[in-house]
Every structure is written in C-alpha cells, then in structure tokens.
Amino acid sequence: MRRLASISATDAVSGLRRSEQAIRARVDLGDRMLQGLGTRGDPLGRFYTDPLIGQAFVSLFDRRHATSILDLGSGRGSLTVAAAQRWSNARIQTIDLDLDAEKYIRLGMASAGHQAHEHLVADVLDEDLPEKVGQSRFDLAVCNPPYTRVRWRNGFARILADAGMNHLHAVPPTALGSDIMFVAQILRLAEPGAEIGVIVPDGLVSARRSLAVRQALLERLRVMRIVQLPRGSFRGTEAQAHVIVFRNERGRGDPVEISNIGIDGISSPIPVRAEDAAFRMDFSFYKSTKIVRRGFTLRAIQAEIVRGSLSSAAARACGEPVFHTTGFDQTSPFTYRLSGQSLGADRPGRRIAEPGDILLARVDRELQRKICVVARGRALLTDCIYRIRVPATWRDTVVRSLLSEGGQAALLRVSRGVGARMLNREDLLDLEIEAQ
Ligand SMILES: C[S@@+](CC[C@H](N)C(=O)[O-])C[C@H]1O[C@@H](n2cnc3c(N)ncnc32)[C@H](O)[C@@H]1O
C-alpha cells in the first residue's frame, strides 16, 4: 500500500474499523453531511477529519516539494499536521473562524515539530480575505470545508469572479454551498498551477442538482483525481465524502482518475472521460458499472523513469547513503526505509530516491523480484536501479501489478541477457501490465 506519509490507506481503514463502533455509539448523526446541507447542529460544520485519514489524504498529492501551504477551515489541524509531516520545509497558513481551534492546531504543529506556521482567526467567506492574509500566494492547499448552506452575500460575486468561476452565478444559490465558496477563496489565494486537495460531500460529486457545479469545476480546474473516502473518516458522523485533487489551471478535458480507499488501500484508478465525470464523479457508480481497466503501460500513465547515476566503483567510494540492487532486502516492498536525509537536489549525474519513489532493478539476475516503494529517507542511486515516478493514485497499482505473477513474467520476457539480465527503459515504458 502507499506509505508516502508514515501511514498507509490500509492502516487508515483498519484504524477506522476499530473506532467505528465507538463513533456510532457516541453520536448518531446519520447522513446529514451526505446531503451536504443539513449541518443543523453546528453552523460551522465542525466535523473533524480522523488524523489517520489526514495522513492518507496528503499521500494523494503529486507534489513532492511545497513552499507554502494553505488550509482554510483548518479546525484542529488533522490535514495541516499531516501536511506539515509530508512537506516539512513549507510555510503553512491556517485559517478558522472558531476561536477554540487555534490552541489545538498549535499543539499539533508543535508535536510535528513544525515552526513555519501562522494561524489567522477569520471568516473564510469574507471578500477581503486576500488582503487579510497578505500578498503571498500558495503553491499547495489542503481543505475540508464546512458543508453548510450559506446565505448569499454581495461579496460572493466578487469572490467567484476573482476565482475565475463567474459561470457559477448561473447556478441556483441552493446548489452553492460553503464548500464551493471555500474552493473559490482558495483559488484567489493560490498560485497558477498550485496543487489543491479538497474533501467534498457526496452530493457534490454524485447528485443531479450539482451537475452545473461539476461542469463549472471541470472547466475552470484541471481535475486530476477523485478518491472516495471510507465511511467513518470524520469524527462524529458516518458521512460519505470524497477527495478531489486538482491544479489551479484550466481544465483540458483529460480523463479524471476515480478510485477509493478500501481495506486493500487505494484501489486501481478508473480513468473516466471529463464529460462522464461531469455526470458523476463517485467511485461507487463507476465500480458498479464495471468499467474496470484490465491493462496499462507505464507510458500511458505518464510515468517518469530515470536511471541511477553511480557506477559500482563510485558507489563503493561514496561516503553518502547509496541504494544498489543488494539493497532490496527489507521485509515489505511497500515500506522501504532509506538512511539518508539531506542529500541536496536531484539532477542528472546525481539521481536521488525519496519517499514515494518506486525503485526497480535495471540489471540483475533476479530483477523481476527487485521492486520496492520508498516510504522514508533518501539515497543516491546506482546505475543498476531505475527510479519510477507515477501519479499518486497509481503507485500501489503499479507495484502490486509488477510484483504479481503476471508482472514478473512480463519483466522476464522483456529483459535480456544470460546470467545478469538487463531491462531497457523504452521496453519498460511499453510493458503491458495487468492492473491488480
Ligand atoms: C468540516 S470542519 C474541518 C476541520 C479540519 N479541516 C478537519 O479536516 O478536521 C470545518 C471547519 O471550518 C471552520 N469554519 C466553518 N465556517 C467557517 C468560516 N466561515 N470561516 C472560517 N472557518 C470556518 C469550522 O470551524 C471547522 O473547523
């Protein structure tokens, strides 16, 4: 399973199962967030994300390095603290209207050892929010907004216009919840190209009444993926919700990857055409219609494959942590720990593996068995290793598929040589792999 952060989606789900009964007993709020409208009990919609889900949430982003992160409606910090752990060098800005939130979030950030953090008590729906936050723009944003119906304010027209979402004026105000207004505010504060992940209610991705909103989002944003969360992802409710990960760029009509987090981790993503995604974006729908992909190639999923740089002699003489084919000896291929930390920038001639990278032997007698995912640490790579980077939702599928019987047979088929075998990069890119 993916272990980009210190926890995998599988761990998140098992943890949730354990606490499921406790949640049920504590409060039975039914599906009020499911409807996205009925947070009658709390006008601020304070349903906090389970911290385990926060960790799985940050692993859905592609971006390896972030400079400045925004969390609107940060609450007690489940998403922010997970973000601080994943992007430890980033400056983080949190904003919440609830006066109580600040002390919890400061505690969380202190326990994560993150100091570059500023918190603002403010109304996210304020049209002057950018002035209150200051001039700086963010290159990454995390958000679990309140799912409440908001009364239309004059300032909303300006917020939507600044966010490039003018067309949402045409949407009946009943379909415009606080979640969409939070997204619009994020866009006003985000750099072009910023990567943004927002947890949204089921109604927004599947209900007929939200069709125009989905169309507007797909036009204005480059939606990369939608991941259905397990029930019980939030404290105090069994609501169904989804994560949408997008870039602050105009939609290009590319297929959207739709998957879910289940007991086996993140499922193999189903590519859904943008026009179909406007109709519905929920994994349950596409899974039940059995549009399941059978095979894929690394080229088709836009994998980046680079070869390590150190010769064996250079590796032996090197004083820094190096990963070579002899290093494929840890128990689980999904949780490899490398011993290095700050090795400087990756560049040609000095290729570095870091968390989230898939490593595969390029030259070896048993290269088909030598595959792993880096969960922690960094290391220089020898020229007998390929480093494979794939979109976040594909990582588990690629590793599971390559490690399967069929995947190993395919690697043997395309590799060459007697004794030590060798794998060509182009052949690897075009290898037909059956999705597991
Ligand atoms: C669903 S909770 C999510 C909290 C946190 N992000 C998490 O995932 O656990 C929504 C948060 O938004 C805050 N909130 C609601 N309306 C707000 C507003 N108008 N301005 C700022 N914060 C608001 C609430 O206080 C709450 O902390």
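For the structure, see preceding data.
Owing to the predicted nature of the structure, the values given are computational and were not obtained by experimental measurement. (Residues numbered from 1 in each chain as written. Predicted model: local features only at pLDDT ≥ 70, side-chain atom pairs only at ≥ 80, totals over all residues. Heavy atoms only, no water.)

### With respect to the pairing of strand β4 (residues 138-143)
Next, step 1: Here β4 lies mainly inside the structure; six of its six residues are buried.
Next, step 2: Pairing of β4 with strand β5 (residues 190-201), which is carried by five bridges, proceeds in the parallel orientation. Along β5, the bridge assignment pairs phenylalanine 138 with alanine 190. (Buried < 20%, exposed > 50% of the residue type's maximum accessible area, 1.4 Å probe, protein only. Helix = DSSP H or I, 4+ residues; strand = E, 2+ residues; numbered from the N terminus. Pairing = 2+ DSSP bridges.)

### Comments concerning the site of the ligand
Next, step 1: Around the ligand, the structure places 22 residues, and the nearest of them are Thr49, Gly73, Asp96, Asp123 and Val124.
Next, step 2: Here an oxygen atom of the ligand and a side-chain polar atom of threonine 49 are 2.4 Å apart.
Next, step 3: Here an oxygen atom of the ligand sits 3.1 Å away from a polar atom, N or O, in the side chain of asparagine 144.
Next, step 4: Coverage of the ligand by the protein amounts to 98% of the 590 Å² it exposes when considered alone.
Next, step 5: A class-by-class count of the residues in the shell around the ligand yields eleven nonpolar, seven polar and four charged. (Near = heavy atom within 4 Å. Polar contact = N/O pair within 3.5 Å; in protein donor to acceptor, adjacent residues only side chain to side chain. Areas by Shrake-Rupley, 256 points an atom, 1.4 Å probe, with all protein chains shown as cover. Nonpolar A, V, L, I, M, F, W, Y, C, P; charged D, E, K, R; others polar.)

### Brief notes about the pairing of strand β2 (residues 91-96)
Along any regular strand, the residues point their side chains to alternate faces of the sheet.
Next, step 1: Of all the six residues making up β2, five are buried; the element is thus mostly covered by neighbouring parts of the structure.
Next, step 2: Across five bridges, the pairing between strand β1 (residues 68-72) and β2 is parallel. Note on β2: the bridge partner recorded for leucine 72 is isoleucine 95.
Next, step 3: Read from β1 through helix α3 (residues 78-86) to β2, the crossover connection turns out right-handed. (Right-handed = clockwise from strand over helix to strand, strands pointing away.)

### As for the pattern of salt bridges
When their charged atoms lie close together, side chains carrying opposite charge are able to pair.
Next, step 1: Enumeration over the complete set of coordinates arrives at 36 salt bridges.
Next, step 2: Taking the shortest distance from any N to any O, the salt bridge between aspartate 50 and arginine 235 comes out at 3.5 Å. Separated by 185 residues along the polypeptide, aspartate 50 in the loop between α1 (9-26) and α2 (51-58) and arginine 235 in the loop between β6 (222-228) and β7 (241-247) bring together distant segments of the chain.
Next, step 3: On the basis of relative accessible area, aspartate 50 is assigned to the buried category, the value being 5%.
Next, step 4: Residue class for arginine 235 comes out partly exposed when judged on its relative accessible area of 40%.
Next, step 5: Within the structure, one salt-bridge network assembled from shared partners comprises Glu127, Asp128, Glu131, Arg158, Asp162 and Arg188. (Salt bridge = Lys/Arg side-chain N within 4 Å of Asp/Glu carboxyl O.)

### A closer look at the side chain of aspartate 96
Next, step 1: For aspartate 96, the location among the structural elements is in strand β2.
Next, step 2: We note that aspartate 96 is buried and unpaired, the nearest opposite charge coming from arginine 46 at a distance of 6.7 Å.
Next, step 3: A polar atom in the side chain of aspartate 96 sits 2.7 Å from the backbone nitrogen of glycine 75.
Next, step 4: If we ignore the near neighbours within four places in the chain, the residues touching aspartate 96 are Gly73, Ser74, Gly75, Ala101, His119, Leu120, Val121 and Ala122. (Lys, Arg positive; Asp, Glu negative; His and termini not counted. Contact = heavy atoms within 4.5 Å.)

### Let's talk about the environment of arginine 64
Next, step 1: With respect to the element layout, arginine 64 can be found in the loop between α2 and β1.
Next, step 2: Between the alpha carbons of arginine 64 and glutamate 354 there is a distance of 9.0 Å; along the sequence they are 290 residues apart.
Next, step 3: Non-local contacts of arginine 64, meaning those with residues more than four positions away in its chain, are made with Arg86, Trp87, Glu354, Pro355, Gly356, Asp357 and Arg389.

### Some thoughts on the side chain of aspartate 364
Next, step 1: Tracing the chain through its elements places aspartate 364 in strand β17 (residues 363-364).
Next, step 2: Aspartate 364 gets classed as buried once you look at its relative accessible area, which sits at 13%.
Next, step 3: Of the polar contacts made by the side chain of aspartate 364, one reaches the backbone nitrogen of glutamate 366; its length is 2.9 Å.
Next, step 4: Once residues lying within four places of it in the same chain are set aside, the contact partners of aspartate 364 are Thr325, Lys370, Ala420 and Arg421.

### Observations concerning helix α13 (residues 395-403)
Next, step 1: With eight of its nine residues buried, α13 lies for the most part within the structure.
Next, step 2: Packed against the buried residues of α13 are β9 (265-266), β11 (295-296), β16 (358-361), β18 (371-376), α14 (405-414) and β22 (433-434).

Keep in mind these numbers describe shape, not what the thing actually does.
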